[in-house]
There are 2 protein chains.
Amino acid sequence: MITQIENGGVTAPKGFKAAGYTAGFKPSGLPDLAVIVSEDHSPLPAAALFTKNIVRAAPVEISEENMTKSNGKIAAIVLNSGQANAGTGAPGHQDGLETVQVAADALGCQPENIFICSTGVIGKRFDIEKMKSAIPTVLSAAKSTLEGGFDAAKAIMTTDLRMKQTAFQDTIAGKTVTVGGMCKGSGMIHPEMATMLGVISCDASVGRDVWQKMLKKAVDKSFNAITVDGDSSTNDVVCGLCSGASGLTISQNSAEADALQSLLDKTCMHLAKSIARDGEGATVLIEVQVKGAVSDEDATRIARTVTGSSLVKAAIFGHDPNWGRIAAAAGRARADFDVSKLKISLGDHLLMEHGNPVPFDAVAASSYMKEKAEASAEHYLSDHDTVLITIEVGNGPGEGVAWGCDLSYKYVEINAEYTT
Amino acid sequence: MITQIENGGVTAPKGFKAAGYTAGFKPSGLPDLAVIVSEDHSPLPAAALFTKNIVRAAPVEISEENMTKSNGKIAAIVLNSGQANAGTGAPGHQDGLETVQVAADALGCQPENIFICSTGVIGKRFDIEKMKSAIPTVLSAAKSTLEGGFDAAKAIMTTDLRMKQTAFQDTIAGKTVTVGGMCKGSGMIHPEMATMLGVISCDASVGRDVWQKMLKKAVDKSFNAITVDGDSSTNDVVCGLCSGASGLTISQNSAEADALQSLLDKTCMHLAKSIARDGEGATVLIEVQVKGAVSDEDATRIARTVTGSSLVKAAIFGHDPNWGRIAAAAGRARADFDVSKLKISLGDHLLMEHGNPVPFDAVAASSYMKEKAEASAEHYLSDHDTVLITIEVGNGPGEGVAWGCDLSYKYVEINAEYTT
């Protein structure tokens, strides 16, 4: 049975150490440098997924190159917040390379075994001198306790209001296996990963190619199924490491692989939802489930289009059960369906059937959204804080789901008053 | 030489009458029924473009059918605001058919010669009894003066703050030819036409097929190049009629056809920009010009993606010269380009060159946006009210342009507090 580990994060699985540190990149003086490192500093099998934006930050270029050079063997991930090191040209690239070198020297590994990530203001270089002096300190401070993971997760926050981490555990083939993770949001979030950094740790032993496939699968149904504002960024990365410290070795297409995939999916899904829930200015998490489409791809496209609609998002912020906007968004998703079979529900409230609106209790439907937002404010990411929109588009086998958040005044405030 | 006609609209070209009327569809008591009709009630060559959303309102279905049945011969366009007659099922369809019949009876033409449009709240039927009694009145009140066009343009407004009409005139082959138009916005606006109704009138004589091609061409570079919020609606239509009253007959691929195309483009472009400028909550019009792409398609896709980015829109509202968000939006447009050739300017301020930011006067760049917003508030749609973003992505021949508006608190307010 899969259980969630209280206060668990990247150090919940065995074989990892982590730390957070205030290097001085953020004007606020908040923690801004995180590391996650293999316990004995040896390179571990790593999988990674990178932004599809063709404008890519220096650390994205460097980390992808290192993954190729090292054939996916990573000893440490170094993440800074404050400056995104994107649009910083050759000097920014040099800063990234120096970061890699200093970390490799401190750990006694090759530079290609270091993975770097940056997040924060685009077009700004971080202070390389501060980076160089901080890295040995933060690496030697890394702890295998939950506290280490907690500190790391805090240090990668930018406009995030909440720290984002989780860990899930299961017994697989008699061994206790744990998958942990941390991530940050929270604007420029759209399918295909966006201003988000995610780190996944796992203490099973998985071959590099199998691990890459597993991570890709988990990311597709989690991080790639969320949208905040339709913008995808220059810095997005998810990187996952396997320590093997649980003693369980996974072979492809085995029952154990399926069990580990479930654990990985659960971890990524929780992290992804926490990003959507903490979308800039959001008051509530929105889940859109689509059924009956011709294919899963069509269903997912409809779910994402509805989740991404500014008009639907603003209606939910206003607690308006506006089925017309939901139907209109579904209709423009470039998925073919028979409108006469369109059925839309909001929670338990049926709003539309056979393509036509049905009488419903508008006050109760509005209260439903209000209650979810209130629950959401009180119990963050509980089971009761999600506005659920269910859409049926026919009798096909296609299903899909997407998560997002509402559009509030606060989103505009955050993004109009953010300083370049 | 093309000149704009002061206070010109759909009745500026010869051969048309129009009127606006308060039928009582809008709770506000504002005008809500418009007609444009051929001066002698005879059906005229008509061209039309319809929403690509697969969820389509009853009037869209009916008008498309009438265009087919009549082989593109329309005597009158009847437009109501207040209720969109979308998602209204069979009863809504019946309302549309009755509207058509009453108008045909009043004019003495066939039902298929009537074109109907609705805009307003989705899922609401209009009061068919009010419609039936109002149609003969509004048709007999139609005038060929500019006042008739003005009244019609006012009667199709919903959340529009400004009435939208224009007319341009040129001398072609010795004849004075005029193209006029009216339209409404102002949310759910995205390429491929969205919560927008547009009516174009022209007093040249153009064969139906040629006229359809000309209108399509003009709409592609005008109404299809604007975005307010990425949502496209169930009701979008542009319909254009030719009276032939100027005495000029246009044959395909002639110099006269080119001259008329220019006039038509100019009219549609002006109307499209007026929609973008009056986007819900907008303070300023944004124009994004892209050059150097591999193809016009790529350039246009980049222009539209930048124009549609919530982050770019919020930055412009906040007068923040945020080139990073512009570059990030360009990078996710699914157009391939060499980032090392990326060049971005904001007005005369060069922000980025060779893929890297360059030093610029941030205060002056911010003032540039502030001044445009101020000019925009004072002189609506003047030549000086547009925030211009110029993007070069290489040395290719591809060029494209798109228009949009900024994202303000007011957009959220309008769309969170709109009543279903």
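- The name recorded for chain A in an unreviewed UniProt entry is Arginine biosynthesis bifunctional protein ArgJ, mitochondrial, from Gracilariopsis chorda.
- What UniProt states about chain A under its Sequence similarities (unreviewed entry) heading is, verbatim, "Belongs to the ArgJ family."
- The Function (unreviewed entry) field of the UniProt record for chain A holds the comment "Catalyzes two activities which are involved in the cyclic version of arginine biosynthesis: the synthesis of acetylglutamate from glutamate and acetyl-CoA, and of ornithine by transacetylation between acetylornithine and glutamate."

## Description of the overall build of chain A
Stage number 1. Scanning chain A from N- to C-terminus turns up 11 helices and 20 strands.
Stage number 2. A compact globule built from 420 residues would reach a C-alpha radius of gyration of about 22 Å, and chain A, at 21 Å, matches this within 12%.
Stage number 3. Evaluated residue by residue, chain A yields a buried proportion of 61% over its 420 residues.
Stage number 4. Sequence-distant contacts, at least 24 apart, represent 78% of the contacts inside chain A between residues at least 6 apart.
Stage number 5. Averaged over its 37 positive side-chain charges, chain A has a centre that lies 2 Å from the centre of its 49 negative ones.

## Considerations on the packing of aromatic side chains
Residue and element names in this part refer to chain A.
Stage number 1. Following the criterion strictly, the structure yields 6 aromatic pairs over all chains and no others.
Stage number 2. Where Phe-25 meets Phe-126, the ring centres are 5.7 Å apart and the plane angle is 50°; that geometry is what we call tilted. You can see Phe-25 sitting in the loop between strand E2 (16-21) and strand E3 (33-38) and its partner Phe-126 sitting in the loop between strand E7 (114-121) and helix H3 (128-141), a full 101 residues away along the chain. By the burial criterion, Phe-25 is buried, and Phe-126 matches it.
Stage number 3. Geometrically, the ring pair formed by Phe-317 and Tyr-409 is edge-to-face, given 5.6 Å between the ring centres and 80° between the ring planes. You can see Phe-317 sitting in helix H8 (residues 310-317) and its partner Tyr-409 sitting in helix H11 (residues 409-416), a full 92 residues away along the chain.
Stage number 4. Judged by its relative accessible area of 26%, Tyr-409 falls in the partly exposed class.

## Considerations on the nonpolar core
Stage number 1. By size, the foremost hydrophobic cluster in this structure holds 65 residues, and its most contacted members are Ile77(A), Phe115(A) and Ile391(B).
Stage number 2. Take this core: its biggest share by element is 6 residues, from helix H9 (residues 323-331) of chain B.
Stage number 3. Ignoring any residue separated from it by four or fewer positions in sequence, one finds Ile391(B) in contact with Val288(B), Gln289(B), Val290(B), Lys291(B), Val306(B), Ile326(B), Leu342(B), Lys343(B) and Ile344(B).
Stage number 4. Membership of the second largest hydrophobic core comes to 64 residues, among which are Ile316(A), Ala329(A), Ala373(A) and Ile74(B).

## A closer look at the domain arrangement of chain A
Residue and element names in this part refer to chain A.
Stage number 1. In terms of domain boundaries, chain A breaks down into domain 1 (3-277) and domain 2 (285-416).
Stage number 2. Contact residues are listed per partner, giving 16 residues for domain 1 and 17 residues for domain 2.
Stage number 3. Taken over both partners, the interface formed by domain 1 and domain 2 buries close to 1600 Å², and the fraction arising from carbon and sulfur atoms is 62%.
Stage number 4. Summed over the shared surface of domain 1 and domain 2, the result is 0 salt bridges.
Stage number 5. Where domain 1 packs against domain 2, one counts 2 residue pairs in polar contact (both at pLDDT 80 or more).
Stage number 6. Taken together, the elements giving at least two residues each to the side of domain 1 that touches domain 2 come down to strand E12 (226-227) and helix H6 (255-277).
Stage number 7. Ranked by residue count, the leading element in the side of domain 1 that touches domain 2 is H6, at 6 residues.
Stage number 8. Residues that form the side of domain 1 that touches domain 2 fall into these classes: 6 nonpolar, 4 polar and 6 charged.

## Section: the relation of the copies chain A and chain B
Stage number 1. In screw terms, the move from chain A to chain B is a rotation of 180° and a rise of 0.0 Å along the axis, fitting with an RMSD of 0.0 Å. Interpreted geometrically, this transformation is the action of a two-fold axis. Residues of chain A ranked by C-alpha distance from the rotation axis are headed by Tyr409(A), positioned 2.7 Å from it.

## Side note on the interface of chain A and chain B
Stage number 1. Residue-level contacts link 56 residues of chain A with 55 residues of chain B.
Stage number 2. Of the roughly 4200 Å² buried between chain A and chain B on both sides combined, carbon and sulfur atoms contribute 58%.
Stage number 3. Here chain A is connected to chain B by 0 salt bridges.
Stage number 4. Where chain A touches chain B, the interface holds 4 residue pairs in polar contact (both at pLDDT 80 or more).
Stage number 5. Among the elements of the structure, H8, helix H9 (323-331), strand E18 (356-357) and H11 of chain A are those that each provide at least two residues to the side of chain A that touches chain B.

## Here we look at the packing of H8(A) against helix H11 (residues 409-416) of chain B
Stage number 1. Relative to each other, H8(A) and H11(B) sit at 70°, their axes nearing to 8 Å. Considering their axes alone, H8(A) and H11(B) lie roughly perpendicular with respect to each other. Contact with H8(A), carried on its side by Ser310(A), Leu311(A), Ala314(A), Ala315(A) and Phe317(A), involves Tyr411(B), Val412(B), Asn415(B) and Ala416(B) of H11(B) and no other residues of that element.
Stage number 2. In terms of residue class, the contact of H8(A) with H11(B) is built from 7 nonpolar, 2 polar and no charged.

## Some remarks on the pairing of strand E9 (residues 175-184) of chain B
Residues and elements named next belong to chain B.
Stage number 1. Of all 10 residues in E9, 8 are buried; the element is thus mostly enclosed.
Stage number 2. Bridge count for strand E8 (residues 164-172) against E9 is 9 bridges, and the pairing is antiparallel. Pairing of Gln-169 across the sheet is with Thr-178, part of E9.
Stage number 3. Linking E8 to E9, which pair antiparallel, is a turn of 2 residues; within it Ala-173 sits at a positive phi near 50°.
Stage number 4. Summarising the sheet, E9 and strand E10 (residues 197-202) pair through 6 bridges and their orientation is antiparallel. Across the sheet, Met-182 pairs through a bridge with Val-199, a residue of E10.

## Some details on the pattern of salt bridges
Stage number 1. Per the stated rule, a full pass over the model turns up 28 salt bridges over all chains.
Stage number 2. Residues Arg125(B) and Asp95(B) are paired through a salt bridge, measuring 2.8 Å at the closest nitrogen-oxygen approach. One end of the pair, Arg125(B), is in the loop between strand E7 (114-121) and helix H3 (128-141); the other, Asp95(B), is in helix H2 (residues 89-107), and 30 residues separate them in sequence.
Stage number 3. According to the relative accessible area criterion, Arg125(B) is partly exposed, its value standing at 44%.
Stage number 4. Between Arg301(B) and Asp298(B) there is a salt bridge; the shortest N-O distance is 3.3 Å. Of this pair, Arg301(B) and Asp298(B) both sit in helix H7 (residues 296-308), 3 residues apart, which is roughly one turn of the helix.
Stage number 5. Residue class for Asp298(B) comes out buried when judged on its relative accessible area of 13%.
Stage number 6. A cluster of three or more residues bridged by salt bridges with shared partners is formed by Arg56(A), Glu61(A) and Glu64(A).

Rules used throughout
- Residues numbered from 1 in each chain as written.
- Chains lettered and ligands numbered in written order.
- Predicted model: local features only at pLDDT ≥ 70, side-chain atom pairs only at ≥ 80, totals over all residues.
- Heavy atoms only, no water.
- UniProt positions renumbered as here; feature names shortened; annotations may be inferred.
- Helix = DSSP H or I, 4+ residues; strand = E, 2+ residues; numbered from the N terminus.
- Rg over C-alpha atoms; globule rule 2.2 N^0.38 Å.
- Buried < 20%, exposed > 50% of the residue type's maximum accessible area, 1.4 Å probe, protein only.
- Contact = heavy atoms within 4.5 Å.
- Lys, Arg positive; Asp, Glu negative; His and termini not counted.
- Charge placed at Lys NZ, Arg CZ, Asp CG, Glu CD.
- Phe/Tyr/Trp six-rings, centres within 6.5 Å; stacked < 30°, edge-to-face > 60°.
- Core = buried A, V, L, I, M, F, W, Y, C linked by side-chain atoms within 4.5 Å.
- Domains from an automatic or database assignment.
- Buried area = accessible area lost by both parts, 1.4 Å probe.
- Salt bridge = Lys/Arg side-chain N within 4 Å of Asp/Glu carboxyl O.
- Polar contact = N/O pair within 3.5 Å; in protein donor to acceptor, adjacent residues only side chain to side chain.
- Nonpolar A, V, L, I, M, F, W, Y, C, P; charged D, E, K, R; others polar.
- Least-squares fit on C-alpha atoms with pLDDT ≥ 70 in both.
- Axes fitted to C-alpha atoms, helices over the stretch in contact; angles between N-to-C directions.
- Parallel < 35°, antiparallel > 145°, perpendicular 65-115°, else oblique.
- Pairing = 2+ DSSP bridges.

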